[in-house]
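# Topology and contacts: notes
The lines below spell out each chain.
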Amino acid sequence: MSAPEDLLLELGCEELPAREQVPLQDAATEIMGQLLDKAGVQYGSIRGYVTPRRLALWIKDVSRQSLPQETLRRGPPVERARDARGRPTAAAEGFARSCGVSVDDLLTLETDKGPILAWREVGAAQDSHLLLPEIASKLVASLPLRKRMHWGERPDSFLRPVRWLLLRQGQQVLDWNVFGLAAGGESFGHRVHHPQSVQITTPADYAESLLQAKVMADFAERRARIASKIATLADEMAVIPILPEALLDEITGLNEWPVILAGSFAEDYLQVPEEVLITVMMQHQRYIPLRGQDGCLVPHYLFAANLHSLDAKVVINGNNRVLRARLADAAFFWDQDRQVSLQTRRGALAGVLFQDGLGSIFDKTTRLQALATALAPQFAANASDVGRAAELCKSDLLSGLVGEFPELQGIMGGHYARHDNENIRVATAITQHYMPSGRDDEIPADAHGQCLATADKLDTLCGFFAIGKVPTGDRDPFALRRAALGVLRIVLDARVPLNLDTAVTSALVAYGSAVAKNRTETRSAVLDFFQDRMRVHFREEGFRADQIAAVLSRQPHEPLDARQRLEALALFQAEHAAADALAALIKRINNLLRKEPLSADWQVDPRHFADPAEGALWEHWQVLAQPVHVQLAKNQYAATLDLLAGLRPSVDQFFDAVMVLAEEPVLRQNRLALLAQLQEVFLRIADFSQLQGA
């Protein structure tokens, strides 16, 4: 048997989208491993490479032959395999014939539905050179591409047009044909520096051979090099680069041979708000803005060129010209927009549709005024200021700058509000009311911004649910999951005791007659949606699924209160050895009270105690009842559980000595009433019966 050999697969493409390269590389690595395993082809490790023009996999120590593939074929049940005289039935003979054997050669296989006839076939080992081209084609077809592209006359599709293929195992180029191309043993270098082919003699030489052709194939190495060069140049210039991880990833995905250069722009443009300058540089040009040591923007920037120019000044001047044009537009809109106040613009929002069936943006601001004002006390915000911010918060949508740079909505509204001499709380709330827009974004730092942002998201959620625009499966075109998560993050991170039931009801009331017919159904649907989002969010925070189920089963509508219960429950289980035993006792109480009805007006009467264990538990509970309820009133759940844990010996003794469901009705009802008091106080925190081990 031949020794294992390395395998190299490469698809050469037109420029792949920068943000999709790493997910594509990771998916290709995972899928290739699955396909090799399924085919019985053994291998060592898989290393992925991705650049703007290629996706490649280097698989080490790929076996030259597959393992023998075993197939188990299932036939009819044994009871139907022979007739009353013991002769094979038609079903048994047909199955045996399809397997190429006699009925007597068939196996008997035990299953959960009884024994059946079966046949185990073992295929011969195959040459991996014959298997790998088919595996490569399956890989390409299985890649999870967001959007496929067709080119030429062929029906094939891929993320971008494919220009060359490479499939080599050891010294041999394999016969792989796809996209109308035949695989060769060569790749191609940098589009400018080395447009000719690059011979890859062995898979292990792949990265080094491309490096000689001015291509850094390894994404992580390329990213590290870019970060290092940016840091070095910034140190030389005595500036601080603004380089989020996402921007660094995108720059890495745009360049195969990155060269970091510094450009500049006229200092006059620094009069434009820095958010505008940063947006233009980062999001539109993929440039790196710079701050001076004082924290202010400086009229310089860094950028990555995808080539090493003989005259870097030509490249720098070209980028300067492009940036100058964008900044000139921004400065023009900044000057023009400030000539019209936000209040003046607001009336025109009546002509801008929010959503069919939900009115205009003007209608939305009117609803936000009512809702944000109602929510203000929960956020300790000034209701008048929040109401004013709600009135003006969407007016910047009609400004030139937001029309040109939509990602600046809200931010520019805050600048225009300050220019219009609105107070700082109003301006800040307008600036922050879209936050957080993403999973990892910061929440508003100011209480007024938190209140308005929450109101804005609740209005959107309730409105879209009312008209049936509800997320289904993976589809969420209106980003309602993100809106709900934004509300949860604000109230949890800012520790706001917001009651979602009250808030959702207020939001629906603000819609008036538009949702009057299905207001009750919409309220329930939105609250259920929040419960689902809380379940996901708390799981991501590290709480156990059973703990979350135990708390959320009590339908808490205050996310902060739910988290406080979770924290107390998790701490209680971690620190109390008797936690599981106590949970088991609570489950026993729940079962008893669920099976046996208790008169609603029955009160515990010590005169009906027939066993000392009843009196002992009642006296113990009487000592604890007042401090327990005091702690519960303060939401001090951890302290409450510490107190309740002390009841366990008395509850144990009660169950050991007392038959709860006594034949005498008075005794039975009295004992159930005593247990109901204990159940009620535990359920104020969580349903302990849903905890694992209970």
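Scroll up a little and you will see the structure.
### With respect to the overall build of the chain
When helices and strands are tallied, the chain shows 25 helices and 18 strands. For a compact globule of 694 residues, the expected C-alpha radius of gyration is about 26 Å, and the chain comes in at 35 Å, more than 25% above that figure. Dimensions of the chain, computed from C-alpha atoms along their principal axes, come out at roughly 100 × 100 × 50 Å. With 694 residues in all, the chain has 49% of them scored as buried. Contacts spanning at least 24 positions in sequence make up 67% of the contacts within the chain whose residues lie at least 6 apart. Of the roughly 32500 Å² that the chain leaves accessible, carbon and sulfur atoms contribute 50%. Seen as two clouds, the 73 positive and the 87 negative side-chain charges of the chain have centres 4 Å apart.

### What to know about helix H3 (residues 128-142)
Relative to the 21 Å expected for 15 residues at 1.5 Å per residue, H3 spans 20 Å between its end C-alpha atoms, a close match to the ideal helical length. Within the sequence span of H3, burial applies to Ser-128, His-129, Leu-131, Leu-132, Pro-133, Ile-135, Ala-136, Leu-139 and Val-140. Residues of H3 that are buried in the fold lie against strand E1 (5-13), helix H1 (21-39), strand E3 (54-62), strand E7 (162-169) and strand E8 (172-173). The N-terminus of H3 is capped by Asp-127, whose side-chain oxygen sits 2.9 Å from the backbone nitrogen of His-129.

### Observations regarding the pattern of salt bridges
When charged atoms on two side chains of opposite charge get close, those side chains can pair. Inspection of the entire model under this criterion finds 43 salt bridges. Salt-bridge contacts for Arg-73 lead to Glu-121; the nearest nitrogen and oxygen are separated by 3.8 Å. Of the two residues, Arg-73 sits in strand E4 (residues 70-77) while Glu-121 sits in strand E6 (residues 116-122), which places them 48 residues apart along the sequence. Looking at Glu-121, the relative accessible area reads 29%, which means it is partly exposed. With a shortest N-O distance of 2.8 Å, Glu-250 and Arg-286 are connected by a salt bridge. Here Arg-286 lies in the loop between helix H7 (274-284) and strand E15 (288-291) and Glu-250 lies in helix H6 (residues 245-254), a separation of 36 residues in the sequence. Look at Arg-286 and you get partly exposed, because its relative accessible area is 24%.

### A closer look at the nonpolar core
In terms of nonpolar packing, the biggest core is built from 152 residues, with Leu-375, Phe-379, Phe-530, Phe-538, Trp-621, Phe-655 and Phe-688 touching the most fellow members. Of all hydrophobic cores here, the second largest spans 39 residues; its members include Leu-9, Cys-13, Val-162 and Leu-167.

### What to know about the packing of helix H10 (residues 361-375) against helix H11 (residues 383-392)
Relative to each other, H10 and H11 sit at 160°, their axes nearing to 8 Å. One finds that H10 runs roughly antiparallel with respect to H11. Helix-helix and strand crossings are classified by hand; for H10 and H11 the assignment is right-handed. Between H10 and H11, the residues in contact are Thr-365, Leu-368, Gln-369, Ala-372 and Thr-373 and Ala-383, Val-386, Gly-387, Ala-390 and Glu-391, respectively. For the contact of H10 with H11, the per-class residue count stands at five nonpolar, four polar and one charged.

### Describing the sheet that holds strand E14 (residues 259-264)
Backbone hydrogen bonds hold the strands of a sheet together, and the pairing may be parallel or antiparallel. Across the sheet, which stays open at both edges, the four strands sit in the order E13-E15-E16-E14 with antiparallel pairing between neighbours. In the strand order of this sheet, the two ends are held by strand E13 (240-241) and E14, each with one partner. Summarising the sheet, E13 and E15 pair through two bridges and their orientation is antiparallel. The residue bridging Ile-240 from the neighbouring strand is Arg-291, located in E15. Its contacts with the sheet place helix H5 (residues 219-237) against E13, E14, E15 and strand E16 (297-305), and it is angled at close to 40° to E14. Sitting on the sheet, helix H8 (residues 312-337) touches E14 and E16, and the angle it makes with E16 is about 120°.

### A word on the pairing of E16
For E16, the tally of buried residues reaches seven of nine residues, placing the bulk of the element in the interior. Sheet analysis places E14 next to E16, joined by six bridges and oriented antiparallel. Paired with Gly-263 across the bridge in E16 is Tyr-301. Bridge count between E15 and E16: three bridges; the pairing is antiparallel.

### Some remarks on the sheet that holds E1
The strand order E2-E3-E1-E7-E8 describes an open sheet built from five strands, whose pairing is antiparallel. Only two strands of the sheet have a single neighbouring strand rather than two, namely strand E2 (46-51) and E8. Sheet topology note: the E7/E8 ladder contains two bridges and is antiparallel. By the bridge assignment, Gln-169 is partnered in E8 with Gln-172. Along the sheet, H1 contacts E1, E2 and E3; its crossing angle with E2, the most-contacted strand, is approximately 150°.

### Points about the pairing of E2
For E2, the buried fraction is high: five of the six residues fall into the buried class. Relative to E3, E2 runs antiparallel, the two being bridged by six bridges. Bridge pairing in E3 places Arg-47 opposite Trp-58. Taking the residues between adjacent antiparallel strands as the criterion, E2 and E3 are bridged by two residues.

### Some points on the side chain of Gln-285
The topology assignment puts Gln-285 in the loop between H7 and E15. Residue class for Gln-285 comes out buried when judged on its relative accessible area of 18%. Leaving out residues up to four positions away in the same chain, Gln-285 has contacts with Val-280, Val-322, Leu-323 and Arg-326.

### Things to note about the packing of aromatic side chains
In total, this model carries 16 aromatic pairs according to the counting rule given. Here Phe-465 and Phe-529 contribute two aromatic rings whose centre-to-centre distance is 5.1 Å and whose plane-to-plane angle is 55°, an arrangement assigned as tilted. A residue pair is termed long-range when its members are at least 10 positions apart, and Phe-465 in helix H15 (residues 447-466) and Phe-529 in helix H18 (residues 519-540) qualify at 64 residues. The exposure classification of Phe-465 matches that of Phe-529, with both residues buried. Look at Phe-682 and Phe-688: their rings are 5.3 Å apart centre to centre, the planes differ by 80°, and that puts the pair in the edge-to-face class. Here Phe-682 matches Phe-688 in class, with each residue buried. Among the aromatic residues, those joined into a cluster by ring pairs are Trp-151, Phe-158 and Phe-179. Sitting above the plane of the Trp-58 ring, Lys-60 keeps its charged end 4.7 Å from the centroid. A cation over an aromatic ring shows up here: Arg-533 above the ring of Phe-529, its NZ or CZ 5.8 Å from the ring centre.

Thresholds applied
- Residues numbered from 1 in each chain as written.
- Predicted model: local features only at pLDDT ≥ 70, side-chain atom pairs only at ≥ 80, totals over all residues.
- Heavy atoms only, no water.
- Helix = DSSP H or I, 4+ residues; strand = E, 2+ residues; numbered from the N terminus.
- Rg over C-alpha atoms; globule rule 2.2 N^0.38 Å.
- Buried < 20%, exposed > 50% of the residue type's maximum accessible area, 1.4 Å probe, protein only.
- Contact = heavy atoms within 4.5 Å.
- Areas by Shrake-Rupley, 256 points an atom, 1.4 Å probe, with all protein chains shown as cover.
- Lys, Arg positive; Asp, Glu negative; His and termini not counted.
- Charge placed at Lys NZ, Arg CZ, Asp CG, Glu CD.
- Expected span 1.5 Å × (residues − 1).
- Polar contact = N/O pair within 3.5 Å; in protein donor to acceptor, adjacent residues only side chain to side chain.
- Salt bridge = Lys/Arg side-chain N within 4 Å of Asp/Glu carboxyl O.
- Core = buried A, V, L, I, M, F, W, Y, C linked by side-chain atoms within 4.5 Å.
- Axes fitted to C-alpha atoms, helices over the stretch in contact; angles between N-to-C directions.
- Parallel < 35°, antiparallel > 145°, perpendicular 65-115°, else oblique.
- Left-handed = near helix turned anticlockwise from the far one by under 90°.
- Nonpolar A, V, L, I, M, F, W, Y, C, P; charged D, E, K, R; others polar.
- Pairing = 2+ DSSP bridges.
- Phe/Tyr/Trp six-rings, centres within 6.5 Å; stacked < 30°, edge-to-face > 60°.
- Lys NZ or Arg CZ within 6 Å of the ring centre and 35° of its normal.

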